[in-house]
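# A structural walkthrough
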Amino acid sequence: MSTPADETKDVADQLPQHLPALRRYARALTGDVTAADDLVQDCVERALSRAHLWRRPGNLRAWLFTIMHNLNANNRRRAAARPRLAAIQDVPEPSWPAGQVERLTASQTLAAMQRLSEPHREVLVLIAIEGMAYIEAAAVLGVPPGTVMSRLSRAREHLRQLTDGPQTTPLDCTSAA
């Protein structure tokens, strides 16, 4: 029989390996570095204070993402009447070195992702960026796997539409003027 202290230590020992993924997900959810850091901090605090609720040998990563998802949903409900603090243009460029074209593409993709609805953005981040399985993402979001697949399909299509430039047709050089 494990004690609450043992359960907290167990979570605390495994938590550091999940922090980079939690930071990425928080950043994608909030679009603001400071808010993302706060969300990660709240998630870690909640996980440690409620370590006894983690069902062992369950997936700690999915449990942490569920906590973060729920905290973010609660924060959004509370802040619904307040204006957003940072626009996507204020988010710093990704930290990896890239050429101008790659930076422009990354910036356009980030801006387009912020234009997606929150459910679509969440699914896209969990599946495409975090590499979660559909079932795992469904558990984090509290929806059926079919809903995850549907949202992912719509999110990808909408993102594709947002990132594609205007379609141009080649000039017809065969007709005489």
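Structure's up top.
Residues numbered from 1 in each chain as written. Predicted model: local features only at pLDDT ≥ 70, side-chain atom pairs only at ≥ 80, totals over all residues. Heavy atoms only, no water.

### A short note on the packing of aromatic side chains
Applied cut-off: Aromatic pairing here means that ring centres of Phe, Tyr or Trp (its six-membered ring) are within 6.5 Å. Orientation follows from the plane angle: under 30 degrees is stacked, over 60 is edge-to-face, and everything else is tilted. The numbering of helices and of strands both runs from the N terminus, where a helix is a DSSP run of H or I of at least 4 residues and a strand a run of E of at least 2. Here the term buried applies to any residue with accessible area under 20% of the maximum for its type, exposed to any over 50%, and partly exposed to those in between, with areas from a 1.4 Å probe on protein chains only.
Evaluation of the coordinates by the stated rule reveals one aromatic pair. Taken together, a centroid distance of 5.0 Å and an interplanar angle of 35° make the contact between Tyr 25 and Phe 65 tilted. Of this pair, Tyr 25 sits in helix α2 (residues 19-30) while Phe 65 sits in helix α4 (residues 60-78), and the two are 40 residues apart along the sequence. Exposure class is identical for Tyr 25 and Phe 65. Each is buried.

### So, a negative patch on the surface
Where we set the bar: Like charges within 9 Å and nonpolar side chains (Val, Leu, Ile, Met, Phe, Trp, Tyr) within 5 Å are joined into patches, using only residues over 30% in relative accessible area that form no salt bridge. The protein chains shown are the only cover counted for residues, whose accessible areas, like all others here, come from Shrake-Rupley with a 1.4 Å probe. Should a side-chain nitrogen of Lys or Arg be within 4 Å of a carboxyl oxygen of Asp or Glu, the pair is scored as a salt bridge. Positive: Lys, Arg. Negative: Asp, Glu. His and the chain ends are not part of the count. A single reference atom marks each charge: NZ on Lys, CZ on Arg, CG on Asp, CD on Glu.
A cluster of acidic residues, Asp 37, Asp 38, Asp 42 and Glu 45, forms a negative patch on the protein surface. Locating Asp 42 in the fold gives a position in helix α3 (residues 33-49).

### Brief notes about the nonpolar core
Rules: Only buried residues count toward a nonpolar core. Its members are Ala, Val, Leu, Ile, Met, Phe, Trp, Tyr and Cys residues joined through side-chain atoms within 4.5 Å. A contact between two residues is defined here by any heavy atoms of the two lying within 4.5 Å.
Formed by 43 residues in total, the largest nonpolar core has its most connected members in Tyr 25, Trp 63, Phe 65, Met 68 and Leu 126. Elements with a minimum of two residues in this core: α2, α3, α4, α5 (100-115), α6 (118-129), α7 (134-141) and α8 (145-163). With near-sequence residues (within four places) excluded, Leu 126 lies in contact with Tyr 25, Phe 65, Gly 131, Met 132, Ala 137, Val 140 and Leu 141.

### Some thoughts on α6
What counts, and what does not: One less than the number of residues in a helix, times 1.5 Å, gives the span that helix is expected to have.
The terminal C-alpha atoms of α6, which comprises 12 residues, lie 15 Å apart, in line with the 16 Å expected from a rise of 1.5 Å per residue. His 120, Arg 121, Glu 122, Val 123, Leu 124, Val 125, Leu 126 and Ile 127 are the residues of α6 that are buried. Backbone geometry just after α6 places Gly 131 at a positive phi near 70°.

### Let's talk about the pattern of salt bridges
On inspection of all chains with the given rule, the structure shows five salt bridges. In this structure, Glu 130 and Arg 61 form a salt bridge, with 3.2 Å as the shortest nitrogen-oxygen distance. Here Glu 130, found in the loop between α6 and α7, pairs with Arg 61, found in helix α4; they are 69 residues apart in sequence, far enough to count as distant. When sorted by exposure, Glu 130 lands in the same class as Arg 61, which is buried. Beyond isolated ion pairs, a larger network of salt bridges with shared partners links Arg 24, Arg 61 and Glu 130.

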